[in-house]
Amino acid sequence: MASVVEGPFPLEILEKERTSEPSDAVVFVGISLALGIASRHLLRGTRVPYTVALLIIGIGLGSLAYGTNHRLGKIGNGINLWANINPDLLLAVFLPALLFESSFSMEVHQIKRCMVQMVLLAGPGVLISTFCLGSALKLTFPYHWSWKTSLLLGGLLSATDPVAVVALLKELGASKKLSTIIEGESLMNDGTAIVVYQLFYQMVLGRSFNVGDIIKFLTQVSLGAVGIGLAFGIASVFWLGFIFNDTVIEIALTLAVSYIAYFTAQEGAAVSGVLTVMTLGMFYSAVARTAFKGEGQQSLHHFWEMVSYIANTLIFILSGVVIAQGVLSGDHHFEGDGTSWGYLILLYVFVQVSRAIVVGILYPFLQYFGYGLDWKDAIILTWSGLRGAVALSLSLSVKRSSDTSSFLDQSTGFQFVFFTGGIVFLTLIVNGSTTQFILHLLDLDKLSAAKRRILDFTRYEMMNKALEAFGDLGDDEELGPADWPTVKRYIACLRDLEEGQLQPQDASGSDQNLEHMNLKDIRVRLLNGVQAAYWGMLDEGRITQDTANLLMQSVDEAIDLVSHGPLCDWRGLKAHVHFPNYYRFLQMSICPQKLVTYFTVERLESACCICAAFLRAHIIARRQLHEFIGENEVTSIVIKESEDEGGEARQFLEDVRVTFPQVLRVVKTRQVTHSILQHLSDYVRNLEKVGLLEEKEMLHLHDAVQTDLKKLLRNPPLVKVPKIRDLSAIHPFLGALPPVAREPLLGSTKDIMKLHGVALYKQGSKTNGIWLISIGVVKWESKSLRNKRSLHPTFSHGSTLGLYEVLVGKPYICDMITDSVVHCFFIDTEKILSVLRSDPSVEYFLWQESAIVLAKLLLPQMFEKMPMQELRALVAERSMMNIYTRGETVEVPSHSIALLLEGFIKNQDELITSPAALLPSCGELSFTNQETTGVKATSFCHQGSWYQVETRARVIRFNIAAFEADSGLLKRPASLVPHSVDPQRCPSREYRRFMSWPENFYKPKRCHRHPDVADQEANNLSARALQLSIYGSMVGETHRWTRNFPRTSQTKSSHGESYPRIRSTGVLGRRLVSARSEGAATVNNGFKTKELTGPNPSTLIPNRKTKKIYQVDDSSDESGSDDGFIVRIDSPSTLSFR
């Protein structure tokens, strides 16, 4: 390689250059690494910075090679090769790795907080420093440089080198806030200074720029670099997502992309390669940090730490060599009286003054933005403006150009190298060596009182652990006991601890400041424990990378606010748990419903993962904090804050458990599957470690498990939302209809997903169809149906909303608003009316189905707590619907209530219109003894023993007393009348038969019946709907229309003679007592399933031994609740995977 240094050389150097070989460069690398290792080993524990020692070693090597007559053999050849390296190549070799490592290791949250401060220092700060130094050089130095040349050197010296600064900060252990500002500023400063240098460099070479050209150039170079960095970051992270558990490839990708991005920006696009790599590293820190898990993350950390160490060692030693070469090989360019050395000292003063001016001018802004900046931090910020290899490489580029350019003479090039090398040497030697002393002088390296107490307490705990370990290890059968005094003498870090143990957070009542510091310190420690738990859950597969990024970001934000109030890490997660406003646009008709359903369910899954991980992490952190510190006032306060933080997350999970339990089941199934596969992988590797498996056998099994794990991550189980074709098996309304009536409805049904707070229909609006609720909860509101006793005005799975209004042709009588994410199906009015006219039995069933919802609307004080399945049993078993003509009488016995579905009736002088609730006279029925304020507040409820029919009227009557008597197996809190039946009596044979497997349920009773009665029961659609509400898809398709159903006792009642009487036959004979309703709005804890006759359809996991009683845990362990939940056997299971 030809040398770029011209002038008279010693003969020995010329001879070495002629005989040097490329392989001699390797000798320099080996020698430099060996010297770096020795320096780091010898300087450990001293106050001398490692980088300063490397620079001195490099100057010494350069002095031997260029300032003496010693040949040094191949070492000298290698030094010469590296000293004359192309400066662009020098930057291309070392900078990408160093910049990527530095920016990737920064915490993204602190980057965000300090971004304004870093931009101020790297943007306006560089410009101010450039003009200050350029003006000082032009006005005071005797070299007759032009303004362009002076500003070129000023811009070159304005670059605070990130390599030098980062290496120094890592050694000194400055505060994280100050380290982020200085390190981030040096990274950005370096890039902007190079851009400014390129601008003035081209101006020096004769190119002219106006103001517009300058702004355009700076914008293109800087913004183009950021864009290229983001593009490479997105592409490489996307590629990284396809790499599965291959640490070598993952690490190699990060190394390759840093160099390719730098080369593309610097050489291909002519923009700043430094800013490109810095943007790439920060993007990785923000997005891809969680892509490396467990051992892979440790390997990545160790790899880049090693790369940084090697590059720092080589570049600082090489900087020293180049400084020595520039000084010793160009002495004829400097005056013998030593004025150049004096000007070098003056230039060092100018550099420090310009740095102080920059910090002083920007101090008000630095103090206001980000974490703020006090005067102590400002002093360190001023003093830590080190210069290093970047400035030196730029000066070498100027010197290289001076050899061939007519705009720069060779003396100017040598002066640039001399002054730049001298500033690099002085800033590293003076500033770098004294920074730690200034930190100590300003008390910035001292621990707070709270941290000191924690350290003292930890030492006592270490002594206790040492005693426990000695108790376990101090004696064995082979060697006997050990000598504790001797053991303790070797544990020098735990001496002088016998005075007594203190609690780490014990603060006197008078010292409120110390108590506040203790509270802040404990909050930070708990949040650090929460973040560590998130990392553990990421390794276990409980959360995804995106979820982990959100959770950890919330902890970072909460740590910033610990001194201003209680824990608040949940605040940063709320926006990611609740549906944002832009999801409302998905409800527009232009969006396909499949897309709406996909995004809605995915959002719910993500929200459930966030809530579960949040609760679990806080539980783990609270337990660890309590085990470490124990009980004291400050710890109790922080633990109470942590418990309060989880209230909203627990409530969200409970709401999802009630409204959309499939999501929780799928999330839990995914976690368990991942944990099992990971356990199997660890088990196989442990077998190989203990010698029970050979390596080849272990790899075979391990690869098989990894294949399954990869399949799980690529194609995880998803919530399969019920489709229209599944309606006949999951929804009682359509499933009960005969195929002739059902098929036309299925063909015109619309599948719709609604968010929380969306109105299905409004009161008074024109009826356009009915809504079949599949998943979720809908609440009703009405201005006319006022009832203060309505505490749970909700409908859920299995409800058919709007059917009554469609049948009577009236506007909707109330608002139906979603109270959660709701999956439903919509059927148009015309289709319902066409089915209504097709078959009298279908018409009768539709009126019965409408009465179920109407009963809850008109009489919420009696029916709102009754599960939907029990309402269906009431309709199917103890109801009778009659059609009356004008002049007939409607009687309401004392044991019944009735609903006027259509027509007009008259009670004394009061005209009653449909819909209306008809109650018996006061005192005739026990449930009327309840408070009737809600009944009297509305005109829809009326009391009386009989009513006169004014026009054709349809009335359905419920025999409440008989229904209550039939349900006397177990006393229920929702009972409408007092029970006189012994609740401990054995269930009847019919009841036991009903609660058995559905195949037994369909076996007809062997008894003699009238053929007409049998045909009537075979077509009882309400009984079919009741079966579907209980067993769902377990009901056999082949038995749909050919089975007879047991019948219960009938009650005579008045009816019109102009129309045939239609009887409601039953399938139960009594109310179900152990089944939960699909319409239940709450979940009861602490119950166990009852032992049922026949197989249990809800048992999904095979057991080796059959057990009679099962404890069903339908909760996620992350929810913080250890209570079991009763099995929901009343609603059809819509949980499926694909």
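None of these values were measured; they are calculated from a predicted model.

1. Remarks on the overall build of the protein chain
Okay, step 1: Looking only at helices and strands, the protein chain has 42 helices and 20 strands in total.
Okay, step 2: Counting the 1138 residues in the protein chain, one finds 52% classified as buried.
Okay, step 3: Considering only intrachain contacts with a sequence separation of at least 6, the fraction spanning at least 24 residues in the protein chain is 80%.
Okay, step 4: In the form shown here, the protein chain has an accessible surface area of approximately 51300 Å², with 58% of it arising from carbon and sulfur atoms.

2. What to know about the sheet that holds strand β4 (residues 759–761)
Paired through their backbone hydrogen bonds, the strands of a sheet run either parallel or antiparallel.
Okay, step 1: Taken in spatial order, the four strands make up an open sheet running β4-β9-β6-β7, and their pairing is antiparallel. Each edge of the sheet is formed by a strand with only one pairing partner; in this case those strands are β4 and β7 (794–795).
Okay, step 2: Pairing of strand β6 (residues 778–781) with strand β9 (residues 815–818), which is carried by four bridges, proceeds in the antiparallel orientation. Each residue of the ladder has a partner; that of Lys779, found in β9, is Ile817.

3. Looking at the sheet that holds strand β14 (residues 904–907)
Okay, step 1: Reading across the sheet, the four strands line up as β12-β18-β14-β15 and stay open at both edges, with antiparallel pairing between neighbours. Here the strands that pair on one side only, and so sit at the sheet edges, are β12 (889–891) and β15 (910–913). Strand after strand, the sheet turns through a mean of 35° between neighbouring axes, direction not considered.
Okay, step 2: Taken together, the two bridges between β14 and strand β18 (residues 946–949) define a ladder with antiparallel strand orientation. Following the sheet pairing, Lys906 is matched in β18 by Gln948.

4. Side note on helix α34 (residues 840–858)
Okay, step 1: Its 19 residues give α34 an end-to-end C-alpha distance of 26 Å, which sits within 8% of 27 Å, the value for a rise of 1.5 Å per residue.
Okay, step 2: Maximal helix bending in α34 amounts to about 25°, located at Ile852.
Okay, step 3: Among the 19 residues in α34, 16 count as buried, and that is most of the element.

5. Re a negative patch on the surface
Okay, step 1: Residues Asp475, Asp476, Glu477 and Glu478 make up a contiguous surface patch of negative charge.
Okay, step 2: You can see Glu477 is positioned in the loop between β1 (475–476) and β2 (480–481).

6. Here we look at the environment of Leu386
Okay, step 1: With respect to the element layout, Leu386 can be found in the loop between α16 (375–383) and α17 (389–402).
Okay, step 2: Look at Leu386 and you get buried, because its relative accessible area is 0%.
Okay, step 3: Taking the C-alpha atoms as reference points, Leu386 and Val424, 38 residues apart in sequence, are found 7.2 Å from one another.

7. What to know about the pattern of salt bridges
Okay, step 1: The final tally for this structure, using the stated rule, is 17 salt bridges.
Okay, step 2: The shortest N-O distance in the salt bridge between Arg685 and Asp682 comes to 2.7 Å. Residue Arg685 and its partner Asp682 are both found in helix α27 (residues 661–689); the two are separated by three residues, about one turn of the helix.
Okay, step 3: A network of salt bridges, in which partner residues are shared, links Glu843, Glu902, Arg952 and Arg954.

8. Describing the side chain of Arg387
Okay, step 1: The topology assignment puts Arg387 in the loop between α16 and α17.
Okay, step 2: There is no salt bridge for the buried Arg387, and the closest opposite charge comes from Glu185, which lies 7.8 Å off by N-O distance.
Okay, step 3: Looking at Arg387, its side chain comes within polar contact range of the main-chain oxygen of Gly385, at 2.4 Å.

9. Topic: unusual backbone geometry
Okay, step 1: Cis geometry is found at the peptide bond from Ser914 to Pro915, where omega equals 0°.
Okay, step 2: With respect to the helices and strands, Pro915 occurs in the loop between β15 and β16 (916–919).
Okay, step 3: For His144, which is not glycine, the phi torsion reads 55° and is therefore positive.
Okay, step 4: Looking at the element boundaries, His144 is found in the loop between α7 (124–140) and α8 (147–157).
Okay, step 5: When its relative accessible area of 76% is taken as the criterion, His144 is described as exposed.
Okay, step 6: In the Ramachandran plot, Ala270 falls in the positive-phi region, its phi being about 55° despite a non-glycine side chain.
Okay, step 7: Relative to the helices and strands, Ala270 resides in the loop between α12 (247–268) and α13 (273–288).
Okay, step 8: Classification of Ala270 as exposed rests on a relative accessible area of 54%.

10. A short note on the packing of aromatic side chains
Okay, step 1: This structure, assessed with the given rule, holds 29 aromatic pairs.
Okay, step 2: Aromatic side chains Phe303 and Trp304 sit 5.5 Å apart centroid to centroid with 80° between the ring planes, which places their arrangement in the edge-to-face category.
Okay, step 3: Looking at Phe303, the relative accessible area reads 21%, which means it is partly exposed.
Okay, step 4: Here Trp304 falls in the buried class, since its relative accessible area comes to 3%.
Okay, step 5: Measuring from ring centre to ring centre gives 5.3 Å for Phe418 and Phe419, while their planes differ by 65°; the resulting arrangement is edge-to-face.
Okay, step 6: Owing to a relative accessible area of 3%, Phe418 belongs among the buried residues under this scheme.
Okay, step 7: Accessibility expressed as a relative area gives 0% for Phe419, which makes it buried.

11. Looking at helix α24 (residues 593–629)
Okay, step 1: Between its first and last C-alpha, α24 extends 54 Å over 37 residues, near the 54 Å set by a 1.5 Å rise per residue.
Okay, step 2: Gly630, located one to two residues past α24, shows a positive phi value of around 90°.

12. A closer look at the nonpolar core
Okay, step 1: With 78 residues, the main nonpolar core has Leu152, Leu156, Leu157, Leu347, Val398 and Phe419 as its most contacted residues.
Okay, step 2: At twelve residues, helix α10 (residues 176–204) tops the list of elements feeding residues into this core.
Okay, step 3: Each residue touching Leu157, except ones within four places of it in the same chain, is listed here: Leu133, Leu347, Val351, Arg387, Thr420 and Ile423.

13. What to know about the packing of α7 against α8
Okay, step 1: Here α7 crosses α8 at 130°, and the two axes come no closer than 7 Å. By the criterion of interaxial angle, the relationship of α7 to α8 is oblique. For the crossing formed where α7 meets α8, the hand is right-handed. From α7, Thr130, Phe131, Leu133, Gly134, Ser135, Leu137 and Lys138 reach across to α8, where they touch Trp147, Ser150, Leu151, Leu153, Gly154, Gly155 and Leu157.
Okay, step 2: For the contact of α7 with α8, the residue count by class is seven nonpolar, six polar and one charged.

14. Some remarks on the environment of Leu152
Okay, step 1: Secondary-structure assignment places Leu152 in helix α8.
Okay, step 2: With a relative accessible area of 0%, Leu152 lands in the buried category.
Okay, step 3: Taking the C-alpha atoms as reference points, Leu152 and Val398, separated by 246 residues in sequence, lie 9.5 Å from one another.

Rules and cut-offs
Residues numbered from 1 in each chain as written. Predicted model: local features only at pLDDT ≥ 70, side-chain atom pairs only at ≥ 80, totals over all residues. Heavy atoms only, no water. Helix = DSSP H or I, 4+ residues; strand = E, 2+ residues; numbered from the N terminus. Buried < 20%, exposed > 50% of the residue type's maximum accessible area, 1.4 Å probe, protein only. Contact = heavy atoms within 4.5 Å. Areas by Shrake-Rupley, 256 points an atom, 1.4 Å probe, with all protein chains shown as cover. Pairing = 2+ DSSP bridges. Axes fitted to C-alpha atoms, helices over the stretch in contact; angles between N-to-C directions. Expected span 1.5 Å × (residues − 1). Bend = angle between axes of the 7 residues up to and from the residue. Patch = residues over 30% accessible without salt bridge, like charges linked within 9 Å, V, L, I, M, F, W, Y side chains within 5 Å. Salt bridge = Lys/Arg side-chain N within 4 Å of Asp/Glu carboxyl O. Lys, Arg positive; Asp, Glu negative; His and termini not counted. Charge placed at Lys NZ, Arg CZ, Asp CG, Glu CD. Polar contact = N/O pair within 3.5 Å; in protein donor to acceptor, adjacent residues only side chain to side chain. Phe/Tyr/Trp six-rings, centres within 6.5 Å; stacked < 30°, edge-to-face > 60°. Core = buried A, V, L, I, M, F, W, Y, C linked by side-chain atoms within 4.5 Å. Parallel < 35°, antiparallel > 145°, perpendicular 65-115°, else oblique. Left-handed = near helix turned anticlockwise from the far one by under 90°. Nonpolar A, V, L, I, M, F, W, Y, C, P; charged D, E, K, R; others polar.

Keep in mind that these numbers describe shape and distance, not what the molecule does.
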